[in-house]
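Descriptive structure summary
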Amino acid sequence: MVKTFLDFNIAVEKSLENAKTISSIEEVNIEDSLGRVISKDIICIKNLPSFNNSAMDGFAIKASDAGKSLKVKKIIFAGDSVEACLEENECYKIMTGAKVPSDADTIIPIEDVISFEDNVATFKEEVKKGSCLRVKGEEKALDDILFKKGEVINSSTVAVLASQGITKLEVYKKLSIAVVSTGNELKEPWEEASEDEIYNCNSYALITLLKEKGFDSNYMNVVPDSLEKSIEFVSSLKEYDVIITTGGISMGDADFVGQAFLENGLETIFHGVNIKPGRPIMMGRMDKTFVMCLPGNPLTAMVNMHLFAIPVLNKIQGSCEIYHDITYAKNIEQFKTKTGRVNVVLGTCKKGEYTVTKKNKYGSGMITVLDESNSIVVTDESKAQIDVGESVKVISFNCSYLKEQANIFN
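What you are looking at is a predicted structure, and each value in this text was computed from that prediction instead of being measured. (Residues numbered from 1 in each chain as written. Predicted model: local features only at pLDDT ≥ 70, side-chain atom pairs only at ≥ 80, totals over all residues. Heavy atoms only, no water.)

A short note on the nonpolar core
Heads up, the condition is: By convention a nonpolar core is built from buried Ala, Val, Leu, Ile, Met, Phe, Trp, Tyr and Cys residues, the set being connected through side-chain atoms within 4.5 Å. The cut-offs for exposure are 20% and 50% of the maximum accessible area for each residue type, with area from a 1.4 Å probe on protein chains only; residues under the lower value are buried, those over the upper are exposed, and the others partly exposed. Elements are defined by DSSP. Helices are runs of H or I of four residues or more, strands are runs of E of two residues or more, and each kind is numbered from the N terminus.
Ranked by size, the top nonpolar core spans 60 residues in total, and within it Ile244, Leu307, Phe308 and Leu313 carry the most contacts. When residues in this core are grouped by element, the largest group, 12 residues, is from helix α6 (residues 298–316). One finds Ala178, Val180, Phe233 and Ala260 within the second-largest nonpolar core, a separate group that totals 16 residues.

See below:
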């Protein structure tokens, strides 16, 4: 019996449907909030700006006095609070950021006056009312939403929070993620490895990729080499929000790792996707823990992390920035792809041009091609070739994620 594999887009959809946002929240200081996800809307509690102020060094006048020569009544510096006191043919000299009294409605930059001598300024007749005046609440007013639930905090977010006098805020608790390897042939990088053994690069690659994307994780070592020990090992991981494994999850008769997950109540969402490379990927739920089982080859494991795992983790973490940011680029070297399945093609995108890595001729077990690439293109199942000059949709390894799903093919 020939096994059929799930359509790529359906697999993405199913994985995200089953990814439930974490419910735990915690309070953090704004200086420790970078990269965290806001757990509830943040409301404006102080008008931005909080008072009418000058955007320039110059003169605060009534627009109706345009074309006149006005005597300076007072000089207003930033931090001063001057009550309205202008009489006929008077104005204020004012500095950037200073509060504008209520009897002035326009700021004339000092370089735009006709003359300024003996404390008298002469103004042009062409004056736009409200020019260079920053009005109270024009940026954000009381009770406006500053940031919505699910937004990811960056340095600009922190600047706005600080401008509100907000020093603490509620965010979703960081996910607990367990990274697990399988394979008796694996050796850790600090161990001696014979010609018949390989070093465990997958786990370290995944942990650092997760770190790059703002997630913390714990490496839990290699799954024990017996069914009984594997069942016990998997059971001990149920305290984690997410488990990510690489290799050894074929679900065949001799696969005790897959059996260990099943014995612990794993409910499979899908197993096998019609994609090259990376077809053996599996996702499921085990009680409250989301399980993502990636292929054992480093290249396919990393590709599937980008395509499937990171969006799922974003959703579980509560972020509204879930999906890949797709950029368009011009393909500059023809390459072939296999029809009948989605192809994931490594390449480099620079200045709007996409160059395929090694003409798309590399094995799924290769490692260095990842370092030689900075992005991927995902092709339609019907595509047999990408021509020179053809526009392709590129997913950057270092990209952010969109708030709305981007269709990879159309």
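Some words on the sheet that holds strand β9 (residues 120–122)
Definition in use: One bridge is not enough; two strands pair if DSSP finds at least two bridges between them. To get an axis, fit a line to the C-alpha atoms, keeping to the stretch in contact for a helix; angles then go from 0 to 180 degrees between the N-to-C directions.
Taking strand neighbours across the sheet as the criterion, the 6 strands line up as β7-β4-β6-β5-β9-β8 in an open arrangement whose pairing is mixed. The open sheet has two edge strands, β7 (106–109) and β8 (115–117), and neither has a second partner. Strand after strand, the sheet turns through a mean of 35° between neighbouring axes, direction not considered.

Some words on helix α5 (residues 256–263)
As a reminder, the rule being used: The arc in question is traced by the directions running from the helix axis to the C-beta atoms. Residue contacts are defined here by distance: any two heavy atoms, one from each residue, within 4.5 Å place the two residues in contact.
Of the positions making up α5, those classed as buried are Val257, Gly258, Ala260 and Phe261. All buried residues of α5 project into a common sector of 155° when viewed along the axis, lining one side. Packing partners of the buried residues in α5 comprise α4 (227–235), β17 (242–246), β20 (282–286) and β21 (289–294). Following α5 by one or two positions, Gly265 adopts a phi angle in the positive range, close to 90°.

Remarks on the side chain of Asn304
Inspection of the secondary structure puts Asn304 in helix α6. Taking the relative accessible area as the measure of exposure, Asn304 reaches 0% and is therefore buried. If we skip the residues at most four places from it in the chain, Asn304 touches Pro277, Gly278, Ile281, Leu294, Pro295 and Ala309.

Comments concerning the pattern of salt bridges
Here is the rule: Any Lys or Arg side-chain nitrogen found within 4 Å of a carboxyl oxygen on Asp or Glu counts as a salt bridge.
Summed over all chains, the structure comprises 10 salt bridges. Between Glu26 and Arg36 there is a salt bridge; the shortest N-O distance is 2.5 Å. Here the residue Glu26 occupies a position in strand β1 (residues 25–29), and Arg36 occupies one in the loop between β1 and β2 (42–43), the gap between them amounting to 10 residues. Residue classification places Glu26 among the partly exposed positions, given a relative accessible area of 30%. Looking at Arg36, the relative accessible area reads 8%, which means it is buried. Between Lys383 and Glu390 there is a salt bridge, and its shortest N-O distance comes to 2.5 Å. Bridged by salt links that share partners, the residues Lys174, Lys211 and Asp216 form one connected network.

Some points on the packing of aromatic side chains
Under the convention used in this document: Only rings of Phe, Tyr and Trp enter the pairing, Trp through its six-membered ring, and a pair is recorded when the two centres are within 6.5 Å. The plane angle decides the type: under 30 degrees is stacked, over 60 is edge-to-face, the rest tilted.
For the structure shown, the criterion picks out 6 aromatic pairs. Each ring, one from Phe59 and one from Phe123, has its centre 5.7 Å from the other, and the planes form 80°; the classification is edge-to-face. Taken together, the positions of Phe59 in strand β4 (residues 58–61) and Phe123 in the loop between β9 and β10 (133–134) put the pair 64 residues apart, joining distant regions of the chain. Phe59 sits in the buried class, given a relative accessible area of 0%. Taking the relative accessible area as the measure of exposure, Phe123 reaches 2% and is therefore buried.

Observations concerning the sheet that holds β20
If you trace the 6 strands from one edge of the open sheet to the other, you get β16-β13-β17-β21-β20-β18, paired in mixed fashion. Looking at which strands have only one partner, the edges of the open sheet turn out to be β16 (218–222) and β18 (267–271). Direction aside, neighbouring strands of the sheet carry axes that sit 20° apart on average. Of the pairings in the sheet, the one linking β20 to β21 comprises 5 bridges and is antiparallel in character. Each bridged residue has a counterpart across the sheet, and for Arg285 the counterpart in β21 is Phe290. Strand contacts of helix α1 (residues 8–17): β18, β20 and β21, with the helix running at about 160° to β18, the strand carrying the most contacts. Taken strand by strand, helix α3 (residues 202–212) contacts β13 (177–181), β16, β17 and β21, and its axis lies near 160° from that of β13.

Details of the side chain of Asn53
The cut-off we apply is this: Here a polar contact is taken to be a pair of N or O atoms separated by no more than 3.5 Å, where protein atoms must pair a possible hydrogen donor with a possible acceptor and residues adjacent in sequence count only if both atoms sit in side chains.
Along the polypeptide, Asn53 turns up in strand β3 (residues 53–54). Within the structure, Asn53 has its side chain in polar contact with the backbone oxygen of Phe51 (distance 3.2 Å). A distance of 2.7 Å separates polar atoms of two side chains, one belonging to Asn53 and the other to Arg134. Setting aside its immediate chain neighbours within four residues, Asn53 contacts Gly97, Ala98, Lys99, Val100, Cys132, Leu133 and Arg134.

Let's talk about α6
Here is the rule: Here the bend at a residue means the angle between the axes of two seven-residue stretches, the one that ends at it and the one that starts at it.
A maximum bend of about 45° is found in α6 at Met305. Summarising burial for α6: 18 of the 19 residues are buried, a large majority. Where α6 ends, the next residue or the one after it, Gly318, has phi of about 95°, a positive value.

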